[in-house]
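# A closer look at the structure
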Amino acid sequence: MDFKAASIRPFIGAKNYEISRSFYRDLGFQEVVLSSNMSYFHTMGLGFYLQNAYVKDWIDNSMIFMEVADVSQFWTELLALELPAKYKTVKIVPIRVLDWGKECFLHDPSGVLWHFGEFNTQ
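Described in the following lines is the structure provided in the data block. (Residues numbered from 1 in each chain as written. Predicted model: local features only at pLDDT ≥ 70, side-chain atom pairs only at ≥ 80, totals over all residues. Heavy atoms only, no water.)

### A word on the pattern of salt bridges
- Counting across every chain of the model gives 6 salt bridges.
- In this structure, Asp26 and Lys86 form a salt bridge, with 2.6 Å as the shortest nitrogen-oxygen distance. One end of the pair, Asp26, is in helix α1 (residues 17-27); the other, Lys86, is in helix α4 (residues 83-86), and 60 residues separate them in sequence.
- Since its relative accessible area comes to 52%, Lys86 is described here as exposed.
- One salt bridge in this structure joins Lys56 and Asp60, with 2.6 Å as the shortest N-O distance. Note that Lys56 and Asp60 are positioned in helix α2 (residues 56-60) at a spacing of 4 residues, about one turn of the helix.
- Judged by its relative accessible area of 42%, Asp60 is partly exposed.
- What emerges from the salt-bridge pattern is a single network uniting Glu18, Arg21, Arg25 and Glu31. (Salt bridge = Lys/Arg side-chain N within 4 Å of Asp/Glu carboxyl O. Helix = DSSP H or I, 4+ residues; strand = E, 2+ residues; numbered from the N terminus. Buried < 20%, exposed > 50% of the residue type's maximum accessible area, 1.4 Å probe, protein only.)

This is the structure we're talking about:
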């Protein structure tokens, strides 16, 4: 099958929509408001839909992997944002080196787990 796909855009929920919108703008995503309960957040041709919807089991099992060019640089810039100080439920987990590469983690204000990873080039 030849998809000729241009992008994949997951839908994620928000426990508190306004807090999550602010969080993703602070993280560096650009927001396009689509309706009163949905926005599209994007950067560098990648994006996702944020919904004003919260189902605990769904959110608790939502994970997004975003490949970055340099995890160490990303980690340094992520720390500088001081997101856990601004958003009480946000957690960050330092870089882990694994067989396939390395990654760090970020839990958004609702609990969605983001993986920011860099694959080995060898």
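### Some remarks on the sheet that holds strand β2 (residues 30-35)
- Pairing within the open sheet is mixed, and its 4 strands lie in the order β1-β4-β3-β2. Each edge of the sheet is formed by a strand with only one pairing partner; in this case those strands are β1 (11-13) and β2. This sheet shows a mean twist of 30 degrees between the axes of neighbouring strands, independent of strand direction.
- The sheet contact formed by β1 and strand β4 (residues 46-51) spans 3 bridges and is parallel. Within the sheet, the bridge partner assigned to Ile12 lies in β4 and is Leu50. (Pairing = 2+ DSSP bridges. Axes fitted to C-alpha atoms, helices over the stretch in contact; angles between N-to-C directions.)

### A few points about the sheet that holds strand β6 (residues 91-98)
- The sheet built from 4 strands is open, its strands ordered β5-β8-β7-β6 with mixed pairing. Because the sheet does not close on itself, it has two edges, and the strands there are β5 (63-67) and β6. Between one strand and the next, the sheet's axes are offset by a mean angle of 20 degrees, whatever the strand orientation.
- With 6 bridges joining them, β6 and strand β7 (residues 101-107) adopt antiparallel strand pairing. If you follow Arg96 over to β7, its bridge partner there is Glu103.
- Strand contacts of helix α3 (residues 71-81): β6, β7 and β8 (113-119), with the helix running at about 165 degrees to β6, the strand carrying the most contacts. (Contact = heavy atoms within 4.5 Å.)

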